[in-house]
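Structural overview
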Amino acid sequence: VYIMLGINELDVGTPVTYGEQFKSSVDRIRELQPNAIIFVQAIIHVTDAKDAEGTYINNERINARNEELKKLADNETVFYIDANEVMDDPATGKLNPALTGDGVHIQAKNIPLWREFLLDHGI
């Protein structure tokens, strides 16, 4: 089971409360599917331009929440997986502007990059 949530929740609660709520989702999945292998996906960064807008949608908040997500991984049945490795511009450490039209969401034509990352780093 691959789970990715969070960009819309950046303005809700704190990183800790976000992590707690995410954990309740993981626990519920575990309850319903006790043998599932769960991949908790990092929230993908936003571009440098989006980050500079000064809104709640920014990489500082994303990184804080991703730190909480890492804590959910036991590396036995729950794994943390971070596609920012392939989505970020190496020069900025933020979402590569070539992959997005709005600075936040990956364009459909670039989904194969994400898919390949998941295939290479997941099961």
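Keep in mind that what you see is a predicted model, and the values were worked out from it rather than measured. In this numbering scheme, every chain counts its residues from 1 along its sequence in written order. Where local features are concerned, this predicted model is filtered to residues with pLDDT of at least 70; where side-chain atom pairs are given and counted, the filter is 80 or more; whole-chain, interface and lining totals use all residues. By convention in this description, side-chain values take in all heavy atoms of the structure and omit both hydrogens and water.

1. Side note on the nonpolar core
To form a nonpolar core, buried Ala, Val, Leu, Ile, Met, Phe, Trp, Tyr and Cys residues must be joined to one another through side-chain atoms within 4.5 Å. For the exposure calls, accessible area comes from a 1.4 Å probe over protein chains only, and a residue counts as buried if that area is under 20% of its type's maximum, exposed if over 50%, partly exposed in between. Judged by nonpolar contacts, the single largest core of 17 residues is most densely connected at I7, F22, V26, I38, V40, I43 and L69. Looking at this core, the elements with two or more residues in it are α1 (15-32), β2 (38-41) and α3 (59-70). A run of DSSP states H or I qualifies as a helix once it reaches four residues; a run of E qualifies as a strand once it reaches two. Both are numbered from the N-terminal end. Here this core takes three residues from α1, the largest share from any one element. Here, two residues are considered to be in contact whenever any of their heavy atoms come within 4.5 Å of each other. The residues contacting I38, other than those within four sequence positions of it, are V1, I3, V26, I29, R30, T77, V78 and F79. Counting residues in hydrophobic clusters, the runner-up holds eleven residues, among them I81, A83, W114 and F117.

2. Here's the deal with the side chain of N110
Relative to the elements of secondary structure, N110 occurs in the loop between β5 (94-95) and α5 (111-121). A polar side-chain atom of N110 sits 3.2 Å from the main-chain carbonyl oxygen of L99. Apart from the residues lying within four places of it in its own chain, the contact partners of N110 are A98 and L99. Any pair of N or O atoms that falls within 3.5 Å is considered a polar contact. Within protein, one atom must be able to donate a hydrogen and the other to accept it, and sequence-neighbouring residues count only if both atoms are side-chain atoms.

3. Description of the packing of α1 against α3
With their axes 9 Å apart at the nearest point, α1 and α3 run at an angle of 40° to one another. By the criterion of interaxial angle, the relationship of α1 to α3 is oblique. In the packing of α1 onto α3, the handedness of the crossing is right-handed. In this structure, α1 uses P15, V16, Y18, G19 and F22 to contact α3, whose residues at the interface are A64, R65, E68 and L69. Ten residue types, Ala, Val, Leu, Ile, Met, Phe, Trp, Tyr, Cys and Pro, are classed as nonpolar, four, Asp, Glu, Lys and Arg, as charged, and the remainder, Gly among them, as polar. Here the contact of α1 with α3 is composed, by residue class, of six nonpolar, one polar and two charged. Only the stretch in contact is used when fitting a helix axis, every axis being a line fitted to C-alpha atoms; angles between N-to-C directions are given from 0 to 180 degrees. When describing relative orientation, an angle under 35 degrees is termed roughly parallel and one over 145 degrees roughly antiparallel, while 65 to 115 degrees is termed roughly perpendicular and anything else oblique. It is the rotation of the near helix from the far one that decides the hand of a crossing: anticlockwise by less than a right angle makes it left-handed, clockwise makes it right-handed.

4. Thoughts on the pairing of β2
Burial along β2 is two-sided: I38 and V40 facing one way and F39 and Q41 facing the other are all buried. Of the strand pairs in this sheet, strand β1 (residues 2-3) and β2 are connected by two bridges, and their pairing is parallel. The residue of β2 that forms the bridge with I3 is V40. With four bridges joining them, β2 and strand β3 (residues 78-81) adopt parallel strand pairing. Of the residues in β3, the one forming a bridge with F39 is F79. Strands are labelled as partners when DSSP assigns at least two bridges between them.

5. Quick notes on the environment of V104
Turning to its location among the elements, V104 is positioned in the loop between β5 and α5. Classification of V104 as buried rests on a relative accessible area of 13%. Through-space distance from the C-alpha of V104 to that of I57 is 8.5 Å; in sequence the pair is 47 residues apart. V104 has contacts with I7, H45, V46, K50, I57 and L95, leaving out every residue within four places of it along the chain.

6. Quick word on the sheet that holds β2
Overall, parallel pairing links the three strands, which are arranged β1-β2-β3 in an open sheet. Of all strands in the sheet, those bounded by a partner on one side alone are β1 and β3. α1 rests against β1, β2 and β3 of the sheet, and its axis sits at about 160° to β2.

7. Some details on the confidence of the model for the protein
Each residue carries a pLDDT score, the predictor's confidence in it, ranging from 0 to 100. With 100% of its residues at a pLDDT of 70 or more, the protein has an overall mean of 95. When pLDDT is averaged over each helix and strand of the protein, the minimum, 94, is found for α5 and the maximum, 98, for β5.

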